[in-house]
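Structure at a glance
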Amino acid sequence: QYSPESVAGADGELDPSQVTFPGCPCRRHSCAAPECPCLSRGHNYSSQGLRLPEQPEQPEFNFSRPAFECNSLCRCGEGCQNRLVQRGLRLRLQVFRTRCKGWGVRALQPIPGGSFVCEYAGEVLGCAEAQRRARAQSPQEPNYIIALREHLHDGRLMETFVDPSRIGNVGRFLNHSCQPNLFMVPVRVDSMVPKLALFAAADISAGEELSYDYSGRFHNLPEASREHKPQEEENSLRKPCYCGARTCASFLPWDSSLFSTP
């Protein structure tokens, strides 16, 4: 079932449509920092979209920060620059059959770097249901469940699980690459349940396949990934990577927590 944005999962644990954030008091057509409280919480958009931060000296801290858009309770106008991902897909994309990776997605128009491309939308699940679904899959089945982990400033870990297997959008067909041209940012609009937004990491040509790194690496720095080195017995469960990048890791990223028994 096609859905342009994420929906509450069958377990009913999280509802991404629920409005829990207060609105900003800005009365101007487009909000501006630092006056707008929505813009003071994370990444800000520019007229070119969202840019990757400069590469830091310490790669272990080289992860994406979240973005907070103005929401349905904000007093700014619908044309506010801080309303981007909530407007949904605006680009011409095509789902096509790749040579050895199954389905894929390519751009039908040039996409400037920093542009919002699409959301990875699906059912938003609780951890228990995400693990139950992952363990119920056979090794031959594709796993669409994505686990987003955000490390908060106070040491807490916030997890979001999205499964587009049954309900989702074009994002479910995006392939992994060890040298991707998209990067994912958690974007919050009405509540703490984020939209998993994919942005262009560089200028993308028409006809180019779109991809992102399933492990969440930023700037394609191997040391920035916290994916553990798999045990030998786990290699039998891992799927080979056919991205063709010079730095290809040979296997698709592996998240053992989804498949571990409680």
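An account of the accompanying structure is given in this report. Per chain, the residues get numbers from 1 upward, laid out in the order the sequence is written. Predicted model: local features are reported for residues with pLDDT of at least 70 only, side-chain atom pairs are reported and counted for 80 or more only, and whole-chain, interface and lining totals are derived from all residues. With hydrogens and water excluded, all non-hydrogen atoms of the structure serve as input to the side-chain values.

Regarding the sheet that holds strand β12 (residues 209–212)
- At least two bridges found by DSSP between two strands is the condition for calling them paired. Helical segments are the DSSP runs of H or I of at least four residues, strand segments are the runs of E of at least two, and each set is numbered from the N terminus. Taken in spatial order, the 4 strands of this open sheet run β3-β4-β12-β9, and their pairing is mixed. Two strands in the sheet have a free side with no partner beyond their single neighbour: β3 (93–97) and β9 (175–176).
- Where strand β4 (residues 103–107) and β12 come together, 2 bridges link them in antiparallel fashion. Each residue of the ladder has a partner; that of V105, found in β12, is L210.

Things to note about unusual backbone geometry
- Of note, the amide linkage connecting A33 to P34 takes the cis form, showing an omega dihedral of 5°.
- With respect to the element layout, P34 can be found in the loop between β1 (7–8) and β2 (67–68).
- One non-glycine residue, S250, adopts positive backbone phi at about 80°.
- As for its position among the elements, S250 is in the segment after β12.

Examining the nonpolar core
- For this analysis, a nonpolar core means a set of buried residues of the types Ala, Val, Leu, Ile, Met, Phe, Trp, Tyr and Cys, connected via side-chain atoms within 4.5 Å. Burial here depends on accessible area, computed with a 1.4 Å probe over protein chains only, as a share of the maximum for the residue type. Under 20% is buried, over 50% is exposed, and the range in between is partly exposed. By size, the foremost hydrophobic cluster in this structure holds 23 residues, and its most contacted members are L93, I111, V117 and L210.
- At the level of elements, β4, β5 (116–119), β7 (146–151), β10 (182–188), β11 (195–200) and β12 are the ones that each hand at least two residues to this core.
- Top contributing element to this core by residue count: β11, with 3 residues.
- The contact definition used throughout considers only heavy atoms, calling two residues in contact when any of these lie within 4.5 Å. Sequence-distant contacts of V117, defined by excluding residues within four places in its chain, comprise L89, L91, L93, I111, L182, L198, F199, A200 and L210.

Remarks on the sheet that holds strand β8 (residues 157–163)
- Pairing within the open sheet is mixed, and its 4 strands lie in the order β1-β6-β8-β7. One side of each edge strand has no neighbouring strand; the edge strands of this open sheet are β1 and β7.
- Comment: axis = line fitted to C-alpha atoms, over the contacting stretch for helices; angle = value between 0 and 180 degrees taken between N-to-C directions. With respect to the sheet, helix α1 (residues 127–136) is in contact with β6 (123–125) and β8, its orientation differing from that of β6 by roughly 110°.

What about the side chain of T98?
- Summarising the element assignment, T98 is placed in the loop between β3 and β4.
- In this structure T98 comes out as buried when scored by relative accessible area, which is 13%.
- In protein, a polar contact requires one atom able to donate a hydrogen and another able to accept it; more generally it is a pair of N or O atoms within 3.5 Å, and residues adjacent in sequence count only if both atoms are side-chain atoms. Among the polar contacts made by the side chain of T98, one reaches the main-chain amide nitrogen of K101 at a distance of 2.9 Å.
- In terms of polar contacts, T98 uses its side chain to reach the backbone carbonyl oxygen of G102, at 2.6 Å.
- In this structure T98 touches W103, G104, N175 and E209, once residues within four positions along its chain are discounted.

Observations concerning the pairing of β11
- For β11, the tally of buried residues reaches 6 of 6 residues, placing the bulk of the element in the interior.
- Alternating residues of β11 divide into K195, A197 and F199 and L196, L198 and A200, and every residue in both groups is buried.
- Here β5 pairs with β11 via 3 bridges, running antiparallel. Looking at β11, one finds that F116 is bridged to F199.
- Sheet topology places β10 next to β11; 6 bridges connect them, and they run antiparallel. Bridging from a neighbouring strand, F183 pairs with F199 of β11.
- Between the end of β10 and the start of β11, which pair antiparallel, lie 6 residues.

Some thoughts on the pattern of salt bridges
- Criterion for a salt bridge: a side-chain nitrogen of Lys or Arg within 4 Å of a carboxyl oxygen of Asp or Glu. In the structure shown here, the tally under the stated rule is 10 salt bridges.
- Between E123 and R133 there is a salt bridge whose closest N-O contact spans 2.9 Å. Here E123, found in strand β6, pairs with R133, found in helix α1; they are 10 residues apart in sequence, far enough to count as distant. With respect to burial, E123 and R133 carry one shared label: buried.
- Of the charged contacts, one joins D163 and R133 as a salt bridge, the two residues approaching to 2.8 Å between their closest N and O atoms.

Focus on the pairing of β10
- Counting buried residues along β10, 7 of its 7 residues qualify, which places the element largely inside the surrounding structure.
- Where burial is concerned, the two faces of β10 agree: the one with L182, M184, P186 and R188 and the one with F183, V185 and V187 are both buried.
- Sheet topology places β2 next to β10; 2 bridges connect them, and they run parallel. From the neighbouring strand, A67 faces β10, where its bridge partner is V187.

A closer look at the layout of surface pockets
- A pocket here means an open set of points on a 1 Å grid, computed over the protein atoms alone, that has protein on both sides within 12 Å along at least five of seven lines. A cavity is instead a set of points where a 1.4 Å probe fits but cannot get out; residues with an atom within 4 Å of a point line either one. Grid points are joined across faces, edges and corners, and a volume is the space filled by probe spheres set on the points. In this model, the second largest pocket occupies a volume close to 240 Å³.
- Along the walls of the second largest pocket sit E5, S6, P16, S17, Q86, E119, V189, D190, S191, V193, P194 and K195, which together make up its complete lining.
- Here the nonpolar group is Ala, Val, Leu, Ile, Met, Phe, Trp, Tyr, Cys and Pro; Asp, Glu, Lys and Arg are the charged ones; every other residue, Gly included, is treated as polar. Counted by class, the lining of the second largest pocket contains 4 nonpolar, 4 polar and 4 charged residues.

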